[in-house]
Amino acid sequence: MPFETYRIHEVPDDVLAALDYCYEQGWTDGLPVVPPVTDRVEATLAYEGRPPQAVIATHPATGLQLSVHAAAVNAVMAGCLPEYFPVLIAAFEAMDKPQFNFHGSTASTGGSAPLLIVSGPVADDIGMNADVNLFGPGNRANATIGRAVRLILRNVFQMIPGISDKSTQGHPGKYSFCIAERARGNPWPLLCEAQGYPPGVSSVTVFAAGGFYNVENHGGNTPEQILGSVADAMANYGCITLGQSIVILAPEHMRIIADASWSREDAQSYLFARAKRPVEGMRNVGKYRDSEYDKQHDGASHPLVELGQFHRGLWPEDILITMGGGDAGGHSCFVPSWSRGRGSIMQHKPIGVCIDCC
Amino acid sequence: MRLYDPTSSGPQRTLYRAAAIANLDGRTMGVLENGKLNAVEMLRELAALFEAHHGCTLRAVYSKSNPSAPAPAGVLAQAAAEVDFLITGLGD
């Protein structure tokens, strides 16, 4: 589709007027956007090998499609540099997988936001932050890639608050929720390696995230103490479900775990076994359901599942755990899955390459 | 200044609606519950109103395990073959 066939808006040659125009069209997330001028969009498209009209994702309920071109327009509006574009493309390819359920996760009263975790060399290549203030503002790549996701959900897929986005409260991650996995000092295989990608290939993991819980522990000195506090956060009555979890360990906490030679699998099993609530407690807060308990305790249940207890998730592999953040501070985090149950399962895709496209 | 439009430019879908039922009296109905808390109970109450007011018959209760994804195609096909109309829900 030639560029001249895409819809163009002619606005006065004044940046502030163009900013206001974007607001008037309803194209923003409440913050000013970069006006999507044609030459910047075309420069962004140069970082994707497929033609502009290629479809990256299709909304399962409405049939609305995300083209490479529309993704580039929204990437410019978010403030992305062209070299960030492959990450954004890969993220939506991952979200397009049926198991991610991006309609439900973005329309629900649960108010989740897609959390992107970028793993591998591309994080350094494009200057992402995996360090101090990991989830906070200040890094262009982290901030704008995450923001582009939200702009696409609004502008392309029309997930508009109050109309098709029925979030009761939402959370700040709906502005931007994108981090890089920390490789420096990480004792475990990076996610891109654990996910099975060839050496040198980076990946993005997408997760319908319900919120962010800081887990503070400055007194624990053993893996059991550190992960015990994480497990307690994971089991809070406000979010315990059969859903998945993300745990990002601060380097201080990871050092304690690594010094004891615990593997990722050791940590996952420990967390799964302890992130639980008794059935009576679940009943007391009105969150017990026979069908969910049965699903966790049926014949295929994991050996760590305990009778009379409701665990978070179905098995240890439901817990993605890695490292991120600054060197100082005993502050890790737990990110729960969207709302109740297993309505969305985290997905991942390689960045900038096609592994299985034969 | 020339700005590209950021909204979807994909093909317009043609949407179809099922033909309206002219008269509910004596019809068979089904319930499609979406797994949410109290969905079955609420929808059965609603079905009882159709039974009382229009002499409808509740033929079947269908289920889907994911409330935010479309019902499996097989479930909808079965319902279409077995009942005249379907009541579904719930939201939160």
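Residues numbered from 1 in each chain as written. Chains lettered and ligands numbered in written order. Predicted model: local features only at pLDDT ≥ 70, side-chain atom pairs only at ≥ 80, totals over all residues.

Asker: Go over the interface of chain B and chain A, please, and point to the residues and values.
Answerer: Listed as interface residues are 15 residues of chain B and, on the opposing side, 33 residues of chain A. For the side of chain B that touches chain A, a count of residues per class yields 5 nonpolar, 6 polar and 4 charged. (Contact = placed C-beta atoms within 7 Å. Nonpolar A, V, L, I, M, F, W, Y, C, P; charged D, E, K, R; others polar.)

Asker: Got a sec to walk through the sheet that holds strand β3 (residues 57-63) of chain B? Specific residues and values, please.
Answerer: All names here are of chain B. Taking strand neighbours across the sheet as the criterion, the 3 strands line up as β3-β2-β4 in an open arrangement whose pairing is parallel. Either end of the sheet is taken by a strand with one partner, and the two such strands are β3 and β4 (85-89). On average, adjacent strands in this sheet sit at an angle of 25° to one another, irrespective of strand direction. (Pairing = 2+ DSSP bridges. Helix = DSSP H or I, 4+ residues; strand = E, 2+ residues; numbered from the N terminus. Axes fitted to C-alpha atoms, helices over the stretch in contact; angles between N-to-C directions.)

Asker: Talk me through the sheet that holds strand β6 (residues 203-209) of chain A; I want residue IDs and the actual numbers.
Answerer: Residues and elements named next belong to chain A. Read from one edge of the open sheet, 4 strands run β5-β4-β6-β13, paired in mixed fashion. Both edges of this open sheet fall to β5 (178-180) and β13 (347-350), since each of them pairs with a single strand only. Neighbour-to-neighbour, the strand axes of the sheet open up by a mean angle of 20°, direction not taken into account.

Asker: Break down the environment of V73(A) for me, with residues and values.
Answerer: Relative to the elements of secondary structure, V73(A) occurs in helix α3 (residues 68-78). Taking C-alpha positions, V73(A) is 8.4 Å from R40(A), a pair spaced 33 residues apart along the chain. Once residues lying within four places of it in the same chain are set aside, the contact partners of V73(A) are P36(A), V41(A), Y4(B) and P6(B).

Asker: If you had to explain the domain arrangement of chain A to someone new, which residues and values would you point to?
Answerer: Residue and element names in this part refer to chain A. The domain boundaries assigned to chain A delineate domain 1 (1-210 + 347-358) and domain 2 (211-336). Taking only C-alpha atoms, the centre of domain 1 and the centre of domain 2 are 28 Å apart. Taken together, the contacts link 20 residues of domain 1 with 17 residues of domain 2. Counting residues per element, the side of domain 1 that touches domain 2 draws most heavily on β6, which supplies 3 residues. (Domains from an automatic or database assignment.)

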